[in-house]
Amino acid sequence: MKFNSKKFILIAIVLLFSNSYLFSQNKHTFTIVLDAGHGGKDPGNSYHGFVEKEIALKTTLKVGQLLEKDKDVKIIYTRTSDVFIELANRPKVANKENANLFVSIHCNSVKNLAPFGTETFVMGLSRHDMNLEVAKSENSVILLEDNYKQKYQGFDPNKPESLIGLTMMQEENLNSSINLATNIQDNFTNNLKRNSRGVKQQPLWVLDAAYMPSVLIELGFLSNKEEGKFLNSDDGQNKMAKQIADAILNYKSKYYGEKFIAALEPSSREEVTKSKKVDEYSTVKQVSSPGGVIYKVQLAASSQKLALKPENFKGLKNISCLVSNKLYKYMYGETSNIDEARKMQQEARKAGFAQAYVVEFN
């Protein structure tokens with residue numbers, strides 16, 4: 001690959017600040033999408049008279065009310081009433097609004113009535129110690145949707161092997177998601193003395209499709225009668241909501257504070273914005289270089305090494321891999337024609353790699 005220092009610097013800026021370019025342009029807009037899990041015909045977990053969709057909605061609205069006190073924050077809800085929202089449409093709300101954060105709120109349950117405690121999930125690539133029951137439970141809403149087989153490309157939440165298809169994603173936002181999740185869990189434990197089951201990585205569809213840092217919070221176990229009673233109470237919801245809101249505001253202050261914005265030179269902010277628009281609206285990163293150029297479509301960058309076979313890449317064939325700084329960059333196709341490269345990019349995005357983009361090789 002030919003090294004271009006200017007292009008390298010520009011790409012580095014995009015990777016570092018792609019999640020915050022909108023906020024850097026408007027200091028008064030930090031957009032958070034709050035997603036109350038389940039709803040309508042999908043009640044979620046139900047134990048001892050406690051219903052997940054009701055507790056999730058009430059708690060989510062309380063989180064939003066607290067966050068709205070910050071004049072720099074804009075709150076968008078995926079639902080504000082007892083309605084059914086298809087799983088695929090929840091992260092789409094955040095992507096459409098170019099949100100800075102996506103936060104989904106749920107309640108846990110198991111057949112054993114003893115377990116209790118909070119846990120917060122981020123999108124995960126690892127197969128080690130994966131809690132298949134959680135992944136199956138949160139993904140199972142897919143089965144309630146019309147034409148789910150076509151919409152989710154044959155994904156079946158009841159089959160563990162189907163979860164492999166969720167593991168291919170861009171990792172730029174993973175560290176940010178883990179930081180937010182850690183803040184939330186620490187608040188639950190340190191301020192409310194709730195039992196922490198930790199921050200975990202799981203292949204959850206609702207997180208996989210979000211373009212920004214995102215977390216899924218399990219407030220506790222409704223199957224545990226004592227914890228369910230707490231979460232079902234107005235007092236319990238207020239307390240949990242405050243810890244979530246405080247963690248989000250702490251995250252905002254740390255990563256999007258005035259010092260961060262001031263550190264960006266005006267020219268850098270313009271470059272970040274311009275580069276982001278090229279990526280999102282022209283559907284291809286424009287390139288220009290002398291002859292001998294080969295174009296490929298980058299699907300994802302991952303710390304996990306995967307076999308280059310179609311089932312690991314949502315059915316796409318002709319996959320290649322470039323290893324750089326212990327990161328595996330997976331590419332689709334190969335052509336010397338930029339128009340053909342654009343077509344391959346659309347094929348990749350249609351297959352489910354929404355952030356796929358064209359790269360050039362000499």
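See the structure above.
For clarity, every value in this text was computed on a predicted model and none was experimentally measured.

Trainee: Teacher, can you tell me more about the packing of aromatic side chains here?
Mentor: Ring pairs (aromatic) are described by centroid distance and by the angle formed between their planes. Evaluation of the coordinates by the stated rule reveals one aromatic pair. For the pair Phe 313 and Tyr 330, a centre-to-centre distance of 5.1 Å together with 55° between the ring planes defines the contact as tilted. Here Phe 313, found in the loop between strand E9 (294–302) and strand E10 (319–324), pairs with Tyr 330, found in strand E11 (residues 327–335); they are 17 residues apart in sequence, far enough to count as distant. Comparing Phe 313 with Tyr 330, the two get one shared label, buried. The side chain of Lys 41 reaches across the aromatic face of Phe 84, ending 4.8 Å from its centre. Lying across the ring of Phe 230, Arg 194 places its NZ or CZ 4.0 Å from the centre.

Trainee: Honestly, the sheet that holds strand E8 (residues 214–221) in this entry has me stumped. Any pointers?
Mentor: Paired through their backbone hydrogen bonds, the strands of a sheet run either parallel or antiparallel. Spatial strand order, E4-E1-E5-E8-E6-E7: six strands in an open sheet with mixed pairing. If you trace the sheet from one side to the other, it starts and ends with strand E4 (73–77) and strand E7 (196–202), each paired once. Going across the sheet, the axis of each strand differs from the next one's by a mean of 20°, ignoring polarity. Summarising the sheet, strand E6 (residues 118–123) and E7 pair through five bridges and their orientation is parallel. Among the inter-strand pairings, Thr 118 is bridged to a residue of E7, identified as Ser 196. On top of the sheet, helix H4 (residues 89–96) reaches strand E1 (30–36), E4 and strand E5 (101–108); it is set at about 170° to E1, its chief contact.

Trainee: Help me out: how do you make sense of the side chain of Gln 298 in this one?
Mentor: By the element assignment, Gln 298 lies in strand E9. Excluding residues that lie within four positions of it along the chain, Gln 298 makes contacts with Lys 329, Tyr 330, Met 331, Ala 356, Tyr 357 and Val 359.

Trainee: Help me understand unusual backbone geometry, please; the structure alone is not making it clear to me.
Mentor: Comment: phi is negative for the bulk of residues other than glycine, and the bulk of peptide bonds are trans. Located in the positive-phi region is His 48, a residue other than glycine, with phi close to 55°. Within the secondary structure layout, His 48 lies in the loop between strand E2 (46–47) and strand E3 (50–51). Judged by its relative accessible area of 37%, His 48 falls in the partly exposed class. Positioned with a positive phi, Asn 318 is a non-glycine residue whose angle comes to about 60°. Among the secondary structure elements, Asn 318 is positioned in the loop between E9 and E10.

Trainee: Hey, could you run me through the packing of helix H3 (residues 52–67) against helix H10 (residues 234–256) in this one?
Mentor: For any two helices packed against each other, one specifies the inter-axial angle together with the distance between the axes. At a closest axis distance of 8 Å, the pairing of H3 and H10 adopts a crossing angle of 50°. One finds that H3 runs oblique with respect to H10. With respect to the hand of their crossing, H3 and H10 are arranged in right-handed fashion. Judged by residue contacts, Ile 55, Lys 58, Thr 59, Lys 62, Val 63, Leu 66 and Leu 67 of H3 engage Asp 234, Gln 237, Asn 238, Ala 241, Lys 242, Ile 244, Ala 245, Ile 248 and Leu 249 from H10. Counted by class, the contact of H3 with H10 contains nine nonpolar, three polar and four charged residues.

Definitions and limits used
- Residues numbered from 1 in each chain as written.
- Predicted model: local features only at pLDDT ≥ 70, side-chain atom pairs only at ≥ 80, totals over all residues.
- Heavy atoms only, no water.
- Phe/Tyr/Trp six-rings, centres within 6.5 Å; stacked < 30°, edge-to-face > 60°.
- Helix = DSSP H or I, 4+ residues; strand = E, 2+ residues; numbered from the N terminus.
- Buried < 20%, exposed > 50% of the residue type's maximum accessible area, 1.4 Å probe, protein only.
- Lys NZ or Arg CZ within 6 Å of the ring centre and 35° of its normal.
- Pairing = 2+ DSSP bridges.
- Axes fitted to C-alpha atoms, helices over the stretch in contact; angles between N-to-C directions.
- Contact = heavy atoms within 4.5 Å.
- Parallel < 35°, antiparallel > 145°, perpendicular 65-115°, else oblique.
- Left-handed = near helix turned anticlockwise from the far one by under 90°.
- Nonpolar A, V, L, I, M, F, W, Y, C, P; charged D, E, K, R; others polar.

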